[in-house]
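Each chain, letter by letter, is given below.
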Amino acid sequence: MKPLPTLRQLHYLVAVVDRCHFGKAAEACLVSQSTLSAGIQELENLLGAPLLERTRRTVLPTPLGREIADRARTVLKGAEELVDMARSVEDPMSGPLHLGVIPTIGPFLIPRVMPALRDSFPKLKLFLREDQTARLLDRLESGELDAAILALPYPSGDVESIDIAEDRFSVVCTPEHRLSDVTTPRPSDVALDDLLLLEDGHCLRDHALAACSMEGARQSAAFQGTSLHTLVQMVANGLGVTLLPQMALDSGILRGLDVVVRPLGGERPFRRIGLVWRRTSGRKETFRQLAAALKTEMSRDSGPQAPANGDASVRTAA
């Protein structure tokens, strides 16, 4: 049997390739710089080829080193999933879980559900990462995240998902705006040149346009906010109208502002909230139980409603 690299050696190599710095890589691996350097030297000796170009000031991967690091990430992710699978058999709701959440969900959902999750799963250690959808999915694919709470639909790659809520949109405007007199504005009532949206990169922008049947006009909105808090301030100052999801309204985002809220009409005036994870993950039971708990908490009071058909089945996207 031919000698094989160890997982530790591969881990060291990936750390250096990602950071192009021995000291930072050693710190990330929780070892001394000499230990990390020795491990990579052993790997190079084993493979019979240089993997890094070293100078006094910089370190760069060779073409072979970069390719091996790319493949090593897959090997390391698979090894981690083997460990996760074994641990989940004993207690699926224990241990660390790295969970991503998008900015238009995190600030409104996390404070609401965390107390219940801590009470229900005291052995589960949640580490939260807030970022835009595309970057969360990249981190999910690389193994940095175990799962993510996203607004759907979104091109998600090779993942599985469970819908946990439907988050309805409402129109927000000033009392003087023409839509303040409409009980349930239709998508056609929301003029595009009057609609304030988040900047590109936020999936809520696309979902809001889809709810108004304006998918083909994504670049036409004149004003683009960096957050929902920015948008509501712009609305309060008479610069236009916006669409807000119910969970943001429930959080009190409009408190102290002189604005009017009207539920949006139409066939699908909502976004789907779902929990997604890698299809190859060994912690599927963990995610099913977490999704069930989130669904229960999100359906309480006046917040986002559980899917109308009650369907909590797993969806696979490829």
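The name given to the chain in an unreviewed UniProt entry is Transcriptional regulator of oxidative stress, and the organism recorded there is Azospirillum baldaniorum. The UniProt entry for the chain carries this comment under Sequence similarities (unreviewed entry): "Belongs to the LysR transcriptional regulatory family."

Draft legend 1. Fine view of the domain arrangement of the chain. Parsing the chain into structural domains produces domain 1 (5-85), domain 2 (91-162 + 270-298) and domain 3 (165-268). Just the C-alpha atoms count here: the centres of domain 1 and domain 2 sit 29 Å apart. Listed by partner, the interface residues are five residues for domain 1 and nine residues for domain 2. In total, about 540 Å² of surface goes out of reach between domain 1 and domain 2, with carbon and sulfur atoms giving 44% of it. A per-residue breakdown of the area domain 1 buries against domain 2 is headed by K77, E81 and D84, which together make up 79% of the total. Connecting domain 1 to domain 2 are zero salt bridges. Between the two partners, domain 1 and domain 2, sit one residue pair in polar contact (both at pLDDT 80 or more). For the side of domain 1 that touches domain 2, the per-class residue count stands at one nonpolar, no polar and four charged.

Draft legend 2. Main features of the packing of helix α2 (residues 22-29) against helix α3 (residues 33-47). Between α2 and α3, whose axes approach to 8 Å, the crossing angle comes to 100°. As judged from the angle between their axes, α2 and α3 are roughly perpendicular. Seen from α2, the contacting residues are F22, G23, A25, A26 and C29; seen from α3, they are Q33, L36, S37 and I40. Of the residues in the contact of α2 with α3, the class split is six nonpolar, three polar and no charged.

Rules behind the numbers
- Residues numbered from 1 in each chain as written.
- Predicted model: local features only at pLDDT ≥ 70, side-chain atom pairs only at ≥ 80, totals over all residues.
- Heavy atoms only, no water.
- UniProt positions renumbered as here; feature names shortened; annotations may be inferred.
- Domains from an automatic or database assignment.
- Contact = heavy atoms within 4.5 Å.
- Buried area = accessible area lost by both parts, 1.4 Å probe.
- Salt bridge = Lys/Arg side-chain N within 4 Å of Asp/Glu carboxyl O.
- Polar contact = N/O pair within 3.5 Å; in protein donor to acceptor, adjacent residues only side chain to side chain.
- Nonpolar A, V, L, I, M, F, W, Y, C, P; charged D, E, K, R; others polar.
- Axes fitted to C-alpha atoms, helices over the stretch in contact; angles between N-to-C directions.
- Helix = DSSP H or I, 4+ residues; strand = E, 2+ residues; numbered from the N terminus.
- Parallel < 35°, antiparallel > 145°, perpendicular 65-115°, else oblique.

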